[in-house]
Amino acid sequence: MLITENDLKRLKREYTVALERYADLAQQTCDFVSDIQKCPISVNERSGLILHRRREDTARDAYLAARHKLMDSLIGTSKIAI
């Protein structure tokens, strides 16, 4: 599949933005977990952790989709057979 220079720029930007978003949310989740002092966690902490996990999972899925689109456009498939 041939892609234009503009297509490539767009895909690279989507990939970069998705990765940055995923990394940011993963860091927020890490910071949230680091603040937990004891187990079992409180109801509020549990709710917060569930929310952080959902946001991080959504961002991860968006990152992987953007990565797949970019790699597929560059090499024709997101998997490399060796």
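Preceding this paragraph is the structure being described.
Residues numbered from 1 in each chain as written. Predicted model: local features only at pLDDT ≥ 70, side-chain atom pairs only at ≥ 80, totals over all residues. Heavy atoms only, no water.

Trainee: How would you explain the pattern of salt bridges if you had to name every residue and give the values?
Mentor: Considering all chains together, one arrives at 6 salt bridges under this definition. Of the charged contacts in the structure, one is a salt bridge between aspartate 7 and arginine 10, with a shortest N-O distance of 3.9 Å. Placement of the pair is aspartate 7 and arginine 10 together in helix 1 (residues 5-34), with a separation of 3 residues, close to one helical turn. Exposure remark for aspartate 7: the relative accessible area of 26% places this residue in the partly exposed category. Residue class for arginine 10 comes out partly exposed when judged on its relative accessible area of 41%. For the salt bridge of arginine 60 with aspartate 61, the shortest nitrogen-to-oxygen distance reads 3.1 Å. Judged by its relative accessible area of 31%, arginine 60 is partly exposed. Here the salt bridges share partners, and the residues they tie into one network are Asp7, Arg10, Glu14 and Lys69. (Salt bridge = Lys/Arg side-chain N within 4 Å of Asp/Glu carboxyl O. Helix = DSSP H or I, 4+ residues; strand = E, 2+ residues; numbered from the N terminus. Buried < 20%, exposed > 50% of the residue type's maximum accessible area, 1.4 Å probe, protein only.)

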